[in-house]
Amino acid sequence: MHWALAAMILTVVLLMASNNARKLPWINKMRRLRTGSASTDWMAPEHVVEKVQADYLAALDWLQNSQTLPFPQHWRQAADWLAGPFLRRYQQLLLRQRSDRSVPIYGVLRADHQLEVRGFSKDGRRCWLIDRQYDRRMATYDRRTHERLVTQDMGSGAMVIVMVYAPEDSRWKFEAQIQQLPQGWERRQHFAFVSEQEALPRRIGRDI
């Protein structure tokens, strides 16, 4: 009887330890924000916000510089920086690029970035990142020689990205690109982010 009770207590302790291990170190330092809307916003400590921003910029740097990598290395490294829907979509594009060798060029988008992190999930694993991109330039390169062919001015804009924390890599990764914000969005008192479809259905409207 005593052995059975001891085994039960040990099981409960191990389960509690396992649950605590899955919690992120900053979970008890999260704070709720009053946004005036029906939804609840959570905010992580400043050092977590800075980590989100640093990992985002590092991922952008990888995206810009990975275009010249051999396919196996490019494919393998993608999971180091991307996750979820963003990773799956990126891998689809890599496969298409490998199968269609008739595309002789590739593009790299560069910009000056002003970042804002908000809207953490209650468990602290996800957040919104708003990237205000100024002076965007799309540089087009020859895939064979890597010579820059042309640079196009893309103006300025703001993108909303979902970042997710990967404990196994101690890194925040791109999980989804939500939307491009309209002009003047920051002056609105309440603004809800809306997920966009990754791809349009094959037949829509009058095409049916």
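The structure under discussion appears in the preceding block.
Everything numeric here is computed off the predicted structure, so don't read it as measured data.

A. Just the packing of aromatic side chains, in detail. This model, assessed by the stated rule, comprises 9 aromatic pairs. Look at W26 and Y165: their rings are 5.1 Å apart centre to centre, the planes differ by 80 degrees, and that puts the pair in the edge-to-face class. One end of the pair, W26, is in the loop between α1 (2-22) and β1 (31-33); the other, Y165, is in strand β5 (residues 148-166), and 139 residues separate them in sequence. Grouping residues by exposure puts W26 and Y165 together as buried. Aromatic side chains F71 and W75 sit 5.8 Å apart centroid to centroid with 40 degrees between the ring planes, which places their arrangement in the tilted category. Highlighted residues: F71 and W75, both in helix α3 (residues 71-81), separated by 4 residues, approximately one helical turn. Of the residues examined, F71 reaches a relative accessible area of 24% and is grouped as partly exposed. The rings of W26, F120, Y165 and W172 are connected pair by pair, giving a single aromatic cluster.

B. Main features of the environment of E116. For E116, the position within the fold is in strand β3 (residues 105-118). A C-alpha to C-alpha distance of 8.2 Å links E116 and R132, two positions 16 residues apart in sequence. A distance of 2.7 Å separates polar atoms of two side chains, one belonging to E116 and the other to R118. In this structure the side chain of E116 is engaged in a polar contact, spanning 3.3 Å, whose partner is the side chain of R132.

C. Expanded view of the packing of α3 against helix α4 (residues 84-99). As a packed pair, α3 and α4 sit with axes 10 Å apart at the nearest point and diverge in direction by 175 degrees. The orientation of α3 relative to α4 falls into the category roughly antiparallel. Side by side, α3 and α4 meet where F71, H74, W75, A78 and A79 of the first sit next to L87, Y90, Q91, L94, L95 and R98 of the second. Here the contact of α3 with α4 is composed, by residue class, of 8 nonpolar, 2 polar and 1 charged.

Definitions and cut-offs
- Residues numbered from 1 in each chain as written.
- Predicted model: local features only at pLDDT ≥ 70, side-chain atom pairs only at ≥ 80, totals over all residues.
- Heavy atoms only, no water.
- Phe/Tyr/Trp six-rings, centres within 6.5 Å; stacked < 30°, edge-to-face > 60°.
- Helix = DSSP H or I, 4+ residues; strand = E, 2+ residues; numbered from the N terminus.
- Buried < 20%, exposed > 50% of the residue type's maximum accessible area, 1.4 Å probe, protein only.
- Polar contact = N/O pair within 3.5 Å; in protein donor to acceptor, adjacent residues only side chain to side chain.
- Axes fitted to C-alpha atoms, helices over the stretch in contact; angles between N-to-C directions.
- Parallel < 35°, antiparallel > 145°, perpendicular 65-115°, else oblique.
- Contact = heavy atoms within 4.5 Å.
- Nonpolar A, V, L, I, M, F, W, Y, C, P; charged D, E, K, R; others polar.

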